[in-house]
Structures are given as C-alpha cells and as structure tokens.
Amino acid sequence: MATSYTIKIQTSNAFLDTGTDSTVYVQLVGKDGKTSTHWEKLDLPWHNDFEPGATDVYNVKFLDIGMPVIIRIKLKGIFGTKDEWLCNKIEVCKGDESVVFPIYNYITNEAEYTTGEAKIPQKETCEAVQHLRKEEIVNNKKQFEWLPKDKDLGYKGFPRYYNADEYEDLPRIFRRYFKRNKDIQINKLKGAISMAIGKFRSAVNDVSDFDEFDKLSKVLGGDRGDYLQGWDTDEGQGWQMLNGIFPLSFSICKEIPSYFNVTDADVTKLLEGKTIAEQIKAGKLYITDLKSTYEEEFGLERSDLSDGTPSVCPPAVCLFNINDDQRFVPVAIQLVPNDRDYLFTSDGSHDWMLAKMYFRCATSNMHEWVYHFLYTHNTVEPFACSLFRCLSRTHPVYKLLRPHVMTLPAINTVSRHVLLTPDALIAPAMAIKSKSFIKKRYETYNINEVFIPKVLEKQGLDPEKIPQYWYGKDSTRIWKITGDYIRSILHLYYCCDQDVVEDKEVQDWAYENAYEAFGWEDGNRRGVPDKFTSIEQLADLCTIIMTTSSAQHAAVNFGQFETYRFPPNSPGIMRLPVHKRGEANMERIMNSLPTGRQATLSVGLTYAISRFTEVEEFIGTFSEYWFTEEKAIACQKKFKQNLEEFEAEIDERNSRLSRKYIFLKPSRIPNSIAI
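Every chain begins its residue count from 1, and numbering advances along the sequence as written. Local features in a predicted model are, by the rule used here, given only for residues with pLDDT of at least 70; side-chain atom pairs are given and counted only at 80 or more, and totals for whole chains, interfaces and linings are based on all residues. Note that water and hydrogens are dropped before the side-chain values are worked out from all heavy atoms of the structure.

Enquirer: I'm lost on the packing of helix H14 (residues 470-493) against helix H17 (residues 535-557) in this one. Help?
Expert: The relative placement of two packed helices is expressed as an angle between their axes plus a distance between the axes. Simply put, an axis is a line fit to the C-alpha atoms, just over the touching stretch for a helix, and the angle between two N-to-C directions goes from 0 to 180 degrees. Labels follow the DSSP assignment, with helices taken as runs of H or I lasting at least four residues and strands as runs of E lasting at least two, numbered in each case from the N terminus. For the pair H14 and H17, interaxial distance at closest approach is 9 Å and the crossing angle is 135°. The angle between H14 and H17 places the two elements in the oblique class. For the element pair H14 and H17, the recorded crossing hand is right-handed. By definition in this entry, angles of less than 35 degrees are roughly parallel, angles greater than 145 are roughly antiparallel, angles of 65 to 115 are roughly perpendicular, and the rest are oblique. Note: crossing handedness is left-handed where the near helix turns anticlockwise from the far helix by less than a right angle, and right-handed where it turns clockwise.

Enquirer: Just checking my understanding: could you explain the sheet that holds strand S9 (residues 251-252) for this structure?
Expert: Pairing between sheet strands relies on hydrogen bonds along the backbone, with the strands arranged either parallel or antiparallel. A pair of strands counts as paired when DSSP detects no fewer than two bridges linking them. With antiparallel pairing, 5 strands are arranged side by side in an open sheet as S9-S10-S11-S12-S13. Where the open sheet ends on each side, the last strands, each with one partner, are S9 and strand S13 (343-345). Pairing analysis gives 6 bridges linking strand S11 (residues 317-322) to strand S12 (residues 328-334), with the strands arranged antiparallel. Following the sheet pairing, Ile322 is matched in S12 by Phe328. For this analysis, residues touch if any pair of their heavy atoms sits within 4.5 Å. Packed on one face of the sheet, helix H9 (residues 350-390) meets strand S10 (285-289), S11, S12 and S13 and runs near 90° to S12.

Enquirer: Explain the pairing of strand S6 (residues 84-94) here, please?
Expert: Both faces of the sheet carry side chains from a regular strand, because those side chains alternate between them. Between buried and exposed lies partly exposed: a residue is buried under 20% and exposed over 50% of the maximum accessible area for its type, with that area taken using a 1.4 Å probe on protein chains only. Taking burial as the measure, the 11 residues of S6 include 8 buried ones, the bulk of the element. The sheet contact formed by strand S1 (residues 2-11) and S6 spans 6 bridges and is antiparallel. Among the inter-strand pairings, Ile9 is bridged to a residue of S6, identified as Ile90. Taken together, the 10 bridges between S6 and strand S7 (residues 97-108) define a ladder with antiparallel strand orientation. Looking at the pairing, Lys94 lines up with Glu97 of S7. Between the end of S6 and the start of S7, which pair antiparallel, lie 2 residues, with Gly95 showing a positive phi angle near 60°.

Enquirer: Would you mind going over the nonpolar core with me for this structure?
Expert: It is characteristic of soluble globular proteins that their nonpolar side chains tend to be buried jointly. In terms of nonpolar packing, the biggest core is built from 169 residues, with Phe210, Val397 and Trp509 touching the most fellow members. Per-element tally for this core: the top contributor is H9, with 23 residues. Excluding residues that lie within four positions of it along the chain, Trp509 makes contacts with Phe383, Ser386, Leu387, Cys390, Leu391, Val397, Leu401, Phe532, Leu538, Leu541 and Ile545. Nine residue types can take part in a nonpolar core, namely buried Ala, Val, Leu, Ile, Met, Phe, Trp, Tyr and Cys, and a core is a set of them joined through side-chain atoms within 4.5 Å. Grouped together as the second largest cluster of nonpolar side chains are 26 residues, Trp85, Val92, Phe101 and Ala111 included.

Enquirer: Teacher, can you tell me more about the packing of aromatic side chains here?
Expert: What characterises a pair of aromatic rings is the spacing of the ring centres plus the angle enclosed by the ring planes. Any two of the Phe, Tyr and Trp rings considered here, Trp counted by its six-membered ring, make a pair once their centres fall within 6.5 Å; the pair's planes then place it as stacked at under 30 degrees, edge-to-face at over 60, or tilted in between. Taken as a whole and judged by the stated rule, the model has 41 aromatic pairs. Ring centres of Tyr162 and Phe174 lie 5.9 Å apart, and the angle between their planes is 85°; on these two criteria the pair is classed as edge-to-face. Separated by 12 residues along the polypeptide, Tyr162 in the loop between helix H1 (127-143) and helix H2 (178-188) and Phe174 in the loop between H1 and H2 bring together distant segments of the chain. A cation over a ring is seen here: Lys74 above Trp39, with NZ or CZ 4.2 Å from the ring centre. Placement of a charge over a ring requires the Lys NZ or Arg CZ to be within 6 Å of the ring centre, with the centre-to-atom vector within 35 degrees of the ring normal.

Enquirer: I keep staring at the pattern of salt bridges and nothing clicks. Help me out?
Expert: Opposite charge on two side chains permits pairing when their charged atoms draw close. Just to be clear on terms, a salt bridge is a Lys or Arg side-chain nitrogen sitting within 4 Å of an Asp or Glu carboxyl oxygen. This structure, assessed with the given rule, holds 33 salt bridges. Two residues, Arg487 and Glu536, come together in a salt bridge whose shortest N-O distance is 2.6 Å. On the criterion of sequence distance, the pair formed by Arg487 in helix H14 and Glu536 in helix H17 is long-range, its members being 49 residues apart. For Glu652, the salt bridge goes to Arg656, with nearest N and O atoms at 3.0 Å.

Enquirer: So what exactly am I meant to see when it comes to unusual backbone geometry here?
Expert: Comment: phi is negative for the bulk of residues other than glycine, and the bulk of peptide bonds are trans. A positive phi angle, near 55°, is found at Trp46, a position not held by glycine. Positionally, Trp46 belongs in the loop between strand S3 (40-42) and strand S4 (55-63). The exposed category is assigned to Trp46, whose relative accessible area is 89%. Although it is not a glycine, Gln468 sits at a positive phi angle of roughly 65°.

What follows is the structure, encoded as structure tokens:
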C-alpha cells in the first residue's frame, strides 16, 4: 500500500560547485534490507533544485516500507553527461517519525547510505547494512590510498600520508572549503610572505638597530602588544617559556648535567642566597637541555648563510629558577658544553642579552619543526588517512573523529610544497633545515610525546607548583574535558572491553595506524597500539588525536606571529659564532641577528599561519550532524557546556592578570588543523 513520505535534502555550500543540474532519483530500503520502493524522480516545478546551501523538500508516494535503513541515490546528467553533487544530509519523514541520513560527501552516478544511527559492526543486525559497510570499506581503501612505499617524493622518514603529489590530487572530500583553500594557497602562505617582502624591500640588507626590526613588525601587525611586554627582561622571557609557543621545552631539574659548568658561585645571588642543591630539592629549578639536539653528532643540517658558511644554532643549556617573587626566570645559559668561557648568568649585560637570543634561536627551531610540525601536523595526518580507509561512516569512532582530521591532508599537502622544500621561502630564515630536523626526531618519536598529561608528568611539570604556568593549567583542563566527552560517546556503543576486542573495523584501524602509518618503513609503530584491548585504551588514542589537532595545535601555532614578529625576541637564525664572555656589544648583537631579508621571511610566514581562516569552526561546534541519537547529541551538548564554563573561568582569571593567556580559550581553538 502506498503512503506519503517527505524527503528533505540539504546541499552543501562548502564549495562554489556543490550543487547539481542532474536529475536526482531516490529509492528507500526497509528495515529487513530487502523490501524497497520504486525509484522516484525528485523535481519541484518551476524550481532550480539542489543549489549550493539550499534545502529542498519533496512529498512523494512510496510503498509503505516503514522507516528506511538505507537510501539509494542516482544522478542522471543532461544528455548523459557525468556530474557530481555534494550533499550534506537527507531526512526522510513518515507521519510523526523521521530518520536522518548524514551524507557529507560527493555523489557521482549512484550511491547508497545508511541512517545516522551509530553502531559498532558486530551489533549491526541488518544483513543489507552489514554488506554495505563492508563494501564501503573496500571502496575506501581503493579511493584513499597510502603513499606507495616505493614512491619517493622527498619525505621518506616521515609519518606516512595520502598518495597525492599535489593539492589537486587529493579526493574532493579532502579539499577544503573554497574560501579556506584560497586563504591557504594565496593569502596565507606564499602570498603573505611575498607581501611582506614587497612592503619591506628596503629592509633586505642588514639592520642597524632594534627599531628597524620593529618597523618590519608594524607593517603587518601594528604595534607590539602585551605578549612582548618585557621581551628583553628575564621575567618576560620566563613568561614566554611558560605560556608562549614552546611551553613544553623545559623539565624539572633533578641534577646539573656534567657538561653544564654552572656552580653555586655563579648563581647564589640569583638564587637569593640558596645553593643549586637546595633549589633542586625544593623543586624550584628547571632546565632546557638542547645539547644532544644541536651537537654535530646528532646530524642536523644547517642552512647556509649568504657567504656559504653554515648558520648558527647552538647546543644551548638554560637553567630557570622560581624566585621568591614567584617568577619563573632564566638564571644561567651555556652555549658550548664543557667550556665556561661560554657560560653566562643573568647580569643585565650585553653578554646575557645575546646569550638569551642564541638560546631562543635554538628553541625556535625546535618549536617550528618538532613541537609544531612533527608533533601536530605530522602526527594527526596519518590518522586522517587511516580513519577514512578503515572505518565505515556508521562507526561511532568515525563520527567522533572526522571533524578533527578532515583538513589535515589538504594543509599538509600544501605545506610540503610551500614550507618544507629546500627552496621554500622560509628556508633562509631558519637555522636548521626542516626535513633534516623532522626526520631525525621521527627516528625516536613515540606517540606518548604528544600525550600532554603524560608529558607534563614525565618532565616533572606540575602546573600547580609552577606559578603563572597558564598553559599547563589550561591544557590539563582541556584534555580532561575532551577525554570525558570521548569516553561518554564510546560508552554509548561499547558496553565492555570485549566489544572493543571484537570490533573488526576498529582493530583494522589500529593495525593500519601502527604498521601502515607510523611503522610503514621500519616496522617501528612508535608506541601506537596495533590492537585495542579496552575502551580506555581506545579512548586515550581518540583523545590524543582530537586534542592534538585542536587544542595543542592552537597552543603552539596561533602565538607564532606575536613571538616572531620582533626577531630579537626569538630569532630563527643567527649569523655569527656564539660569543665568549666579554665579547658582546650592540654591534655584535646586530651582526649576529638575522638580516632584514631573513627577518622579513620569518615575520611574513608567521603572520600568514597565525590567523584564523574566514570559515573556521571551533571546538564544541558541530556543523556536520554525524550523530543522530538523542543520547549522543546530549553528550555533545554537555561537551559544549563544559567548554563554555571553562572559557568563563579563563575570562575571570584573565581579568585579574596584567598579562593574559588566551591561546587555549575554547573560542580560539579550531576543531582541526586548518593552517
């Protein structure tokens, strides 16, 4: 018997060409997986159907099959031409009942989709849906191919990524919104850097004083704000170590390394009469030790200066103290191991200022290529590829993580061409070559290096014991809120650990993560689980992926312009060999710092990548409705509520501070790495 159905179809507006002029037909399949309706042509009279951003409503008569579990869609182009259509979702209503089919994909020719109800595969009872899930994964593994192991595009020794030489080679679903794509490839990277160079052609030679660097900064960003307040003071530099773009680059000091030749006589006054041993015992000393990173034995490749000599980036060691005023400040820096001629202590001299610049050059290169690119961009991209390959759209983990990995293949494909090549615009402005640094660090990389609560614990960084360590406090809270949300979702679909063990899709995903993504060349899975044995283990990995792509990237990325806009604050490259005590003066400092051209490149790049895109979506925002069950939607609402409450707490705290920390405000944390 025929009955009335209402079909509501929403076309995406993510691109200019998301709509279709093809004739669209639909067919519904009932809960038994066998009973189906006829194919119905969807066409409203005197109406242009399926335009970008439009929602079209059709009332049709179908055989009463109850509420459908599968919808089939067919496109017929004009005169047989092929067409594609980016459909967001389809809602089918019958009486008081309705069911939503999340699509969010390009449709070409024919396609079929299941309802939005999330299920793990072993709990799917409809044979037709079981078959459809298996068929979807087979097709996905053909469409979303890994970079072949015998194909060398210059990124051997990196985490594996999607098989795309150029941005245009990516599947359409990975390509970004039109506005976003334009921002990245034109305004954001090459364009912004070129713009800065064009506006500052007069600064391509050496600069004579700090004011010249300040002029460059103002070209793109106006006056320096509170972030660089006291940049040349110990307190200012200490605050940036805690709350700037490298807030994990230090550890608690349990002993002074043998090659760090600082003594009590050097720092007792700076420690306010206490000895080094006393401050270590009190938990007041912290250290950044870059000796093993930058020594020649590590094998990093340095950029060449204009005269052909290698740039300078020293194996610096810096000691920090929490003083009686509850300030985190540097007290000693050694630029050459085991040589006291290169040991400097805080005395307000030119020697000390220049030593801090060399130290910040070392941390800057570590930040850009390790903490930023390897630990966020490179870490999340393989999970994006494996997620699309191994999990069906019905899987709760797919629905949970898709919004947080979608943009990675696009931005990283662009970055590999714009930022990481030997002739990249930024290359002359960084002391260490990007590929060299990333490959070396990846040799010993472990996934726990991006599990921030474990990192804080391992490095002895207790946010409650380090005054003004707002990053530590806020990141810990974000990880808790995100982890609670993820666990609330997973517990809706996994009743026990055995459910995880028996989930073939998620186990396949684990295997690919371990051996096709991270261990693809050497079999070293780098701490990534090759199987899941519990809900908690699965939740941990999901939290790593989601939080790395959102909060951690926000913490290390969006403060870059404020950090690097004034090169003396944090230079990316140094030109002269490190100085001995007594050798520094303003002339030596200016001759050691980057040239005007090098500074222009650095400022231009960081300006480009430190701004949000026009269509940014922030954490807690769900513009794609993948979950349709009330309980899952309630979890999302609770997540958003917790984030809003946390933001209110940050605002209240910041209102009492002379220097605010804003990088982990939820309203400033994008859902995914988009720049």
